[in-house]
Amino acid sequence: MACKRSSVRIRLSPPVSSCFMSQRERSQPWSLLERKKFWQLGIQRNYRSAFGSLVTSPVETLKGLVNALEDTRPILASQNKELKEPIEPIKNVEELPLLHNRLINDVSSWGFFVPLYALRSQSDWGCGSFTELRMLQDWAAQLGARWISILPILAQNFDCVPSDPSPYAALTRFAFNEIYLDVEEILKSYPSKEAKSWIRSKAVQDRIEGLRASPYVHYEAVYDLKKTAIQMILKDLDPDWFRSSELISFLENSPFLNEYCLWRSRGQEDEYRYHLFVQYLLHQNLLARASHQCALYMDFPVGVRDDGFDRQYFNHVFLNGFSVGAPPEPIFEMGQNWGFSALNPCYLAQGGLKYFRQALEKHCRYSKILRIDHVMGLYRVYLIPHGFSGRQGAYLRFPKGVLFRTAIEVANQFGTDLIGEDLGTVPEEVSHILSHTHIKSMAILQISLNMDPQQFADQITSRHLVALNNHDMPTWESFKKGDDLKKLYELGLLSEASKNQYWNDRKKQLQKWSHEMGGTCYLNFLSFLMKSKARYKVVTLEDLWGEVDPQNIPGTYREYPNWRRRLRYHFEDWTNFPQVTEVSQFLRQWS
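Given the structure is predicted, the values throughout are model-derived calculations rather than measurements. (Residues numbered from 1 in each chain as written. Predicted model: local features only at pLDDT ≥ 70, side-chain atom pairs only at ≥ 80, totals over all residues. Heavy atoms only, no water.)

Engineer: I'm lost on the sheet that holds strand S16 (residues 536–540) in this one. Help?
Structural biologist: The strands making up a sheet are joined through hydrogen bonds of the backbone, oriented either antiparallel or parallel. The strand order across the open sheet formed by eight strands is S13-S10-S7-S6-S5-S16-S15-S14, and the pairing between neighbours is parallel. The open sheet has two free edges, formed respectively by strand S13 (417–420) and strand S14 (441–444), since each of these has just one partner strand. When strand polarity is set aside, the average angle formed by the axes of neighbouring strands in this sheet is 25°. Sheet analysis places strand S5 (residues 109–113) next to S16, joined by five bridges and oriented parallel. Counted as the bridge partner of Gly111 is Val538 from S16. (Pairing = 2+ DSSP bridges. Helix = DSSP H or I, 4+ residues; strand = E, 2+ residues; numbered from the N terminus. Axes fitted to C-alpha atoms, helices over the stretch in contact; angles between N-to-C directions.)

Following this line, the structure appears as structure tokens:
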């Protein structure tokens, strides 16, 4: 079964037949002038589908893209002060700079993957925090892990109910999420009698205990509880703190953060002070986690919410009227609409790289490794007109090499290594760029079972990251039993015939690998990955105790509690499990 990339909200688009071309329109030749205009604007009339066929995009989509791009010219003219000289696309991939790796110098390293929200301890408030992350870093470092991989932790809006819990539904790329702060740790540096008394009250302790015991994160309730406590802390904070040189220095080195705080506060002074304070605290926590011997491997999301700060404050940077998504593929036969806007290639070509560059800098400041979500999006994006089906999109190319060059320059500035999430159908040009520039590619065993073990091992080099699965895939226990296919069938995403076919194919593949591995037990397959030549080896934390439930099922939204499920056990418990101890002893060999 094909792997689906992480998304803001993968939703199946309803069919809109009015947009499809008639047979006469499909056979109608394009004029030379139209062909030239498409080429100049980066619009692809045709693309190769996941099924291997050549697809011609609908006339309405192509002409709509032309109009949308040409309509940006007056806007670009008004942005002359911000724009630099027009940027020339590269002619050859060899013109791109090479990525350097200064901070993690060993030939190969491994680390754990876990969503930060999912971590649990006996003192959490219903959601993982930087305290639980520190506990994991300390434990993992003893085993020889060099980094912890997490999902995006950017600011989200939990004031509205129900909110979108997806870590890919960020309001901005310039601010982080205060839900990950530990209030009781804040009180050690910023004491407040009122906050302490309130937290110790029976009513609040009962709320905390209820959230802690829940198998799911109740984001709105956790956010409300932590915000109330922090607002009490602010009442006792010296007003001069907001004029301190430390805060001023922080803001000077945090582009657009003050503007974000103003936007979130809606003109309310108390709200502005709250958002400023929590962003400073997040910065301090991230610096501490980033300086740990077990470093941070963070995730740079491909998009931001259309109703968020970035989309509104930097409106001229984005293209109006279209959403990014993916064309039809197995399971998602109607295509996918991810619900966010693309960067405007005309703006980028005129030197408008400030937004993209500074958003990357925000992440690289704390990351020794940074995953670029949907790295193909630095080369081209699949755009769907608003209100249309995912089958009715077209590909739009960015100025060749411009975004890749910027990403490499920023990564080299901070000494950050880059991982390109290149799963799925990847243009040959993108693969060439990743290989030449030393941006690491991803190899996931669950989607490579059609290969022989030796064939898979032979394709892995020091320019790869390998893993059994990722956050959009089933756990290893679920995968080898076919529980994920049963779940997709129950949710109506797979027909019974497709479910049976996928499972029969997988059983044959697993039997082939099992013969080579000596069985399908987790340690056999983990050992196979650890012996590979890959630079980075990812160990999904929940696989250590045989978790069966996924964190996310692509193609669902409210049908399954995506991005909400907490780890089944507290940190204090699972670290002492016999099976975890067995895997831990095995991992020590590879440190």
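Engineer: Help me understand the nonpolar core, please; the structure alone is not making it clear to me.
Structural biologist: Generally speaking, soluble globular proteins have nonpolar side chains that are buried together. Phe112, Trp139, Phe404, Leu445, Leu541 and Leu544 are the most contacted members of the largest nonpolar core, which totals 182 residues. Grouped together as the second largest cluster of nonpolar side chains are six residues, Leu485, Leu493, Leu494 and Ile553 included. (Core = buried A, V, L, I, M, F, W, Y, C linked by side-chain atoms within 4.5 Å. Buried < 20%, exposed > 50% of the residue type's maximum accessible area, 1.4 Å probe, protein only.)

Engineer: I keep staring at the pattern of salt bridges and nothing clicks. Help me out?
Structural biologist: Throughout the structure, instances matching the rule amount to 29 salt bridges. One network of salt bridges, with partners in common, ties together Glu542, Glu547, Asp549, Arg565 and Arg568. (Salt bridge = Lys/Arg side-chain N within 4 Å of Asp/Glu carboxyl O.)

Engineer: I would appreciate a short explanation of the packing of aromatic side chains in the present structure.
Structural biologist: Any two aromatic rings considered together are summarised by their centre-to-centre distance and by the angle between their planes. This structure, assessed with the given rule, holds 44 aromatic pairs. Considering the side-chain rings of Tyr260 and Phe309, the 5.8 Å spacing of their centres and the 85° angle between planes classify their relative orientation as edge-to-face. Separated by 49 residues along the polypeptide, Tyr260 in helix H11 (residues 257–265) and Phe309 in helix H13 (residues 309–313) bring together distant segments of the chain. Residues Tyr260 and Phe309 agree in their burial class; the two are buried. Taken together, Phe174, Phe256, Tyr260, Trp263, Phe309, Tyr313, Phe314, Phe318 and Tyr355 form an aromatic cluster joined through their ring pairs. Directly above the aromatic system of Tyr395 lies the positively charged group of Arg380, at a separation of 3.7 Å from the ring centroid. (Phe/Tyr/Trp six-rings, centres within 6.5 Å; stacked < 30°, edge-to-face > 60°. Lys NZ or Arg CZ within 6 Å of the ring centre and 35° of its normal.)

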